[in-house]
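# Observations on chain architecture
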Amino acid sequence: MPEATSQIQSAVHSEVKKREVLCSHCGLPVPQPLIRQDREEQFCCGGCEAVYGILHDCDLDEYYKLRDELSSDKPKPAQVSGKDFSYFDDPEFLKRFALPKTKGNLSVQLYVEGIHCVACSWLIEKVLMEREGAAFARLDIGKSIVEIVFDPAEVTLSRLAGVLDSIGYAPHPIQEDSVAIASRRETRSLLMRMGIAGAAAGNIMLLAVSLYVGEYTGIDVDQANLFRWISLGLSLPALLYSAQPFFKGAWSGLKHGMLHMDLPISLGILSAFAISLTATILGRGEVFYDTLTLLIFLLLCGRLLLSRATKWAMGTSEKLLDLEPRTARLLVEGESREVSLSSVQLGNRLRVLPGETIPVDGVLQSEFAIVGEAHLTGESEAVSKRAGDQLYAGSTVEQSPLEMSATAVGETTRLARLAQMMKEASSQRAPIVALHDRIAGYFVAAVLTLALITGVIWLMVDPSRALWNAAALLVITCPCALGLGTPVALAIAMGRAARRGLFVKGQDGIERLSRVRHVILDKTGTLTEGKLKLVDSYYASDAASDRDSGHPRTGASAERYSGGEPQSLNPRSAEHHEILQAVANLEKLSGHAISTAFVGIAETKNTIIEFKTIPGQGIEGKISSSHYLIGSEAFLRNRGVDVNSSFIEFAKHSAIKSLTTIYVSRDNIAVAAFALGDPLRGGAESSVNELKQMNLELEILSGDLPEVVASVARQLNIDSYRGRVSPEEKIGRVEELESSGVTTAMIGDGVNDAAALSRATAGISVAGATEIARDAADIFVSQRGPGAIADLFKLSKRSMKVVRLNIAIAIFYNIIGAGLAMAGLVSPLVAAVLMPISSVTVLTIAAKG
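Throughout what follows, the structure given in this document is the object of discussion. (Residues numbered from 1 in each chain as written. Predicted model: local features only at pLDDT ≥ 70, side-chain atom pairs only at ≥ 80, totals over all residues. Heavy atoms only, no water.)

All right, on to the sheet that holds strand S24 (residues 720-722) then. As summarised here, the arrangement of the seven strands in space is S15-S27-S26-S25-S16-S23-S24, forming an open sheet in which the pairing is mixed. Every other strand in the sheet has two partners, leaving strand S15 (502-504) and S24 as the edge strands with one partner each. The mean angle between the axes of side-by-side strands here comes to 20°, regardless of whether they run parallel or antiparallel. Note that strand S23 (residues 697-701) and S24 share three bridges and pair parallel. (Pairing = 2+ DSSP bridges. Helix = DSSP H or I, 4+ residues; strand = E, 2+ residues; numbered from the N terminus. Axes fitted to C-alpha atoms, helices over the stretch in contact; angles between N-to-C directions.)

Next comes the structure, spelled out in structure tokens:
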């Protein structure tokens, strides 16, 4: 029994020991080494302990009760960044991000991390409002944005930001420019007008049904008059508020001597209202309150669709500038402090850490640096920089920290100049709306002239019908079909394209694409995958077979590489596998761009005893008892390694295919060489062939090395190509073609393509493109590879045939309708019924096109 009792006690003790100890703040398990026996509260990390202490000291323990009741999210440890927010107090920062309020207060909006429930909102607002000088605090949970109103004379913004960070909600500045605010206000106003017009039309139509039926079956006169007066009252909000944009457009056009398309719409609405008002007052005749309110509603719907498409294309250049960080590390007497980007001046010395973005243009002061400039040059590999070399804003630091001196800030940086170039390029486009405006001008003049003629003629024939027939002409010839026929047809075509993964952002994009004759392709990310891959391999153990065959035996892609799985991933022997695994594991630690080629290859966890990076040359490491060198031929030779002729022949063979070769030695003996490259995307060849069959001229412009570009061009049988092309040269080439009358399509995926995408007749970004390239382009192809581009061209040509047919139908309908109205064969009531027929017709054709 004692032995059994002892076993039970031991089991219970073991079970208790296994039981998880939960963090008092976030509720996650506490690691065994952090469990303390001298206190009841336990914490999984220092961040949770710090936040718990702050909440307890401030008597805010109710937060935990609210969180448990209201949150269903999985708990997370508190993320306290410990960041210095002193730059929040910089006058330039406050000028940019804060808005003045009454009594000397300032209002600022900050994005906060870690928001997941209502308890977070309660805690943030409570903690901020307990600080002296804070006048207001409100968190928008959906957007994770907190608005703070504070008195800068009593409390600094950096202190309030520090408070948020100390409880695990790291704040970040945000800014919404005046254009975005005005745009959102305009959309909200338009939706409000649509809602009022739609509600009025729906209710009036219920009354109109009774009046229309009563014309044939009979209706009590007093009841009919009541319905008319009620309809009049319901139509006034739609007329006086919802229709204002049309009245303003018509009046503005008249003030500037132009016949705007809003003019006949306004006259038709006012005529229908005038006739209806007269009939209501006199108690006899027809009323058209349902027609005019429904017309207002439908026109507002069309205007909203056009507005959404236009706004989608806006803001590209501003997003380009978003690549710049909002702060910089300023070096003063050897010490760095974080300041607002707007505070950086020419000549300032800055420090940038690995993984961070270079904030301004400048000159490298450090001896050596590796920088990624894909956003500007399109090159898939990071580039090496030495002291005195130029650095550009938006570039990323790949390895060790660097120091630089600023040579261009603000609007003078290369990134800002590209943004300005994109703005200018966008303004030079000739949208299809211009053609419609020209047609509409003549159409409006013709309609008004015919209405006047109709009125004069009928004044002589039958004065009682003059106004009615003129109004019937204005109603039946309402330019809905002409004004909305093309946008609706293109919108349906855009929806059809979207279902295929082809997203056309502007309604004129399809029209301009149909006129393209010259297509410019970017290599990196468009024709190729845009990242390094292990393509080929050569091992020292292959030397015997080399002597027999007379040339080095390679692992894969002897003639060319096209993205297929290389044999290198399946080494031919255990020794090959050991070497490849050693290289992959060492490259993982390097952080160099080349390491991406070995992602996913490392299968075994080698014991790395030593590791060292030699900037600009290679890496050195020791795994188990083997010493490895990985890098260029010169690097190995400088370390006393003999690189024999077989390896040199392999490198030459790889160079023909524009592959980069790295060499590997083990214990001072060259044992392997690997060829790395950027493979073609799947379907690139077939897509190029389809484009050629459509009589399109193709050209490759790339920021990559000329020999690499030439290799890709040879594989795709494209005769025109250039390498080492800068963003400025790309847009220069586009402008050269456009100015000579050659309509051009630019296909790309990088920031360096954005300006050319914007300036071309049609810009197309492909899958994997940066956000800026997607926004600068007219069309975004979401599928991997350019295989859908040929389908896009076919779709554009077919859609434009539908557009031209719709325009012809709209004009034909209006001619017939105008003739019937002038002849007095159409009453305003019949005109109101016939008016939507042309719109329905063009919609049906567009849907089946």
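Right, let's talk about unusual backbone geometry for a bit. Phi is positive for Asp-667, which is not a glycine, with a value near 55°. The residue Asp-667 is located in the loop between strand S21 (660-666) and strand S22 (669-677) in this model. Given a relative accessible area of 40%, Asp-667 falls into the partly exposed group. Even without being a glycine, Asn-668 presents a positive backbone phi close to 65°. Considering the arrangement of structural elements, one finds Asn-668 in the loop between S21 and S22. Given the relative accessible area of 45%, Asn-668 is considered partly exposed. (Buried < 20%, exposed > 50% of the residue type's maximum accessible area, 1.4 Å probe, protein only.)

The first and last C-alpha atoms of helix H26 (residues 727-739) sit 18 Å apart over 13 residues, in line with the 18 Å expected at 1.5 Å per residue. Note on H26: the residue one or two positions beyond its end, Gly-741, has a positive phi of about 90°. (Expected span 1.5 Å × (residues − 1).)

The strands that make up a sheet are held in pairs by hydrogen bonds between backbone atoms, and each pair lies either parallel or antiparallel. Ordered by their spatial adjacency, three strands build an open sheet running S11-S10-S13, and the pairing between neighbours is antiparallel. Only two strands of the sheet have a single neighbouring strand rather than two, namely strand S11 (383-386) and strand S13 (396-397). With four bridges connecting them, strand S10 (residues 368-372) and S11 associate as antiparallel partners. Looking across to S11, one finds that Ala-369 is bridged to Lys-385.

Quick look at a nonpolar patch on the surface now. Side chains of Leu-452, Ile-453, Val-456, Ile-457, Met-460 and Val-461 sit close together on the surface and give an oily, nonpolar patch of about 580 Å² of accessible area. If you trace the backbone, Met-460 turns up in helix H15 (residues 433-461). Judged by its relative accessible area of 65%, Met-460 is exposed. (Patch = residues over 30% accessible without salt bridge, like charges linked within 9 Å, V, L, I, M, F, W, Y side chains within 5 Å. Areas by Shrake-Rupley, 256 points an atom, 1.4 Å probe, with all protein chains shown as cover. Salt bridge = Lys/Arg side-chain N within 4 Å of Asp/Glu carboxyl O.)

Okay, the pairing of strand S6 (residues 327-332) next. Pairing of S6 with strand S7 (residues 335-340) involves six bridges; the strand directions are antiparallel. Paired with Leu-330 across the two strands is Arg-337, which belongs to S7. Hairpin connection of S6 to S7: two residues between the antiparallel strands, including Glu-333 at a positive phi of 55°. Both S6 and strand S8 (residues 349-352) contribute to a ladder of two bridges, which runs antiparallel. Note on S8: the bridge partner recorded for Arg-329 is Arg-351.

Attention now goes to helix H25 (residues 706-716). Counting buried positions over the eleven residues of H25 gives eight, a clear majority of the element. Listing the buried residues of H25 in full gives Val-708, Val-709, Ala-710, Ser-711, Val-712, Ala-713, Gln-715 and Leu-716. Trailing H25 by a residue or two, Asn-717 shows a phi angle of about 60°, which is positive.

With that settled, consider the pattern of salt bridges. If the charged atoms of two oppositely charged side chains come close together, the side chains can form a pair. For the structure on display, the rule yields 13 salt bridges. Among the salt bridges present, the one from Arg-637 reaches Glu-633, with a minimum N-O distance of 2.8 Å. Of this pair, Arg-637 and Glu-633 both sit in helix H22 (residues 633-638), separated by four residues, roughly a single helical turn. Overall, Arg-637 belongs to the partly exposed group, its relative accessible area being 37%. Taking the relative accessible area as the measure of exposure, Glu-633 reaches 27% and is therefore partly exposed. Salt-bridge contacts for Lys-794 lead to Glu-690; the nearest nitrogen and oxygen are separated by 3.5 Å. Taken together, the residues Lys-794 in helix H29 (residues 789-822) and Glu-690 in helix H24 (residues 684-693) connect sequence positions 104 residues apart. Overall, Lys-794 belongs to the partly exposed group, its relative accessible area being 39%. Look at the salt bridges and you will find they share partners, linking Arg-349, Arg-351 and Glu-403 into a network.

Our focus in this paragraph is the pairing of strand S9 (residues 361-364). Here S9 pairs with strand S14 (residues 402-408) via four bridges, running antiparallel. Opposite Val-363, over in S14, you have Ser-405 as the bridge partner. The sheet contact formed by S9 and strand S12 (residues 390-391) spans two bridges and is antiparallel. Residue pairing across strands places Val-363 opposite Gln-390, the latter belonging to S12.

Pairs of aromatic rings are described using the distance from one ring centre to the other and the angle between the two planes. Tallied over the full model, the rule gives nine aromatic pairs. Centre to centre, the rings of Tyr-87 and Phe-88 are 4.9 Å apart; their planes meet at 85°, and the pair counts as edge-to-face. When sorted by exposure, Tyr-87 lands in the same class as Phe-88, which is buried. Judged by centre distance (5.7 Å) and plane angle (90°), the rings of Tyr-87 and Phe-93 are edge-to-face. What makes Tyr-87 buried here is its relative accessible area of 4%. Sitting above the plane of the Tyr-241 ring, Arg-193 keeps its charged end 4.4 Å from the centroid. (Phe/Tyr/Trp six-rings, centres within 6.5 Å; stacked < 30°, edge-to-face > 60°. Lys NZ or Arg CZ within 6 Å of the ring centre and 35° of its normal.)

Turning our attention to the nonpolar core. Residues Leu-513, Val-516, Val-519, Leu-696, Leu-716, Ile-764 and Phe-793 are the most contacted members of the largest nonpolar core, which totals 44 residues. Examining the composition of this core, we find that nine residues originate from one element, H29, more than from any other. Apart from the residues within four sequence positions on either side, Ile-764 is in contact with Leu-513, Met-746, Ile-747, Gly-748, Leu-757, Ala-777, Ile-779, Val-781, Leu-792 and Phe-793. Leu-232, Ala-243, Tyr-289 and Ile-296 belong to the second-largest nonpolar core, a separate cluster that totals 30 residues. (Core = buried A, V, L, I, M, F, W, Y, C linked by side-chain atoms within 4.5 Å. Contact = heavy atoms within 4.5 Å.)

Interpretation note: all reported values are geometric properties and have no functional meaning in isolation.
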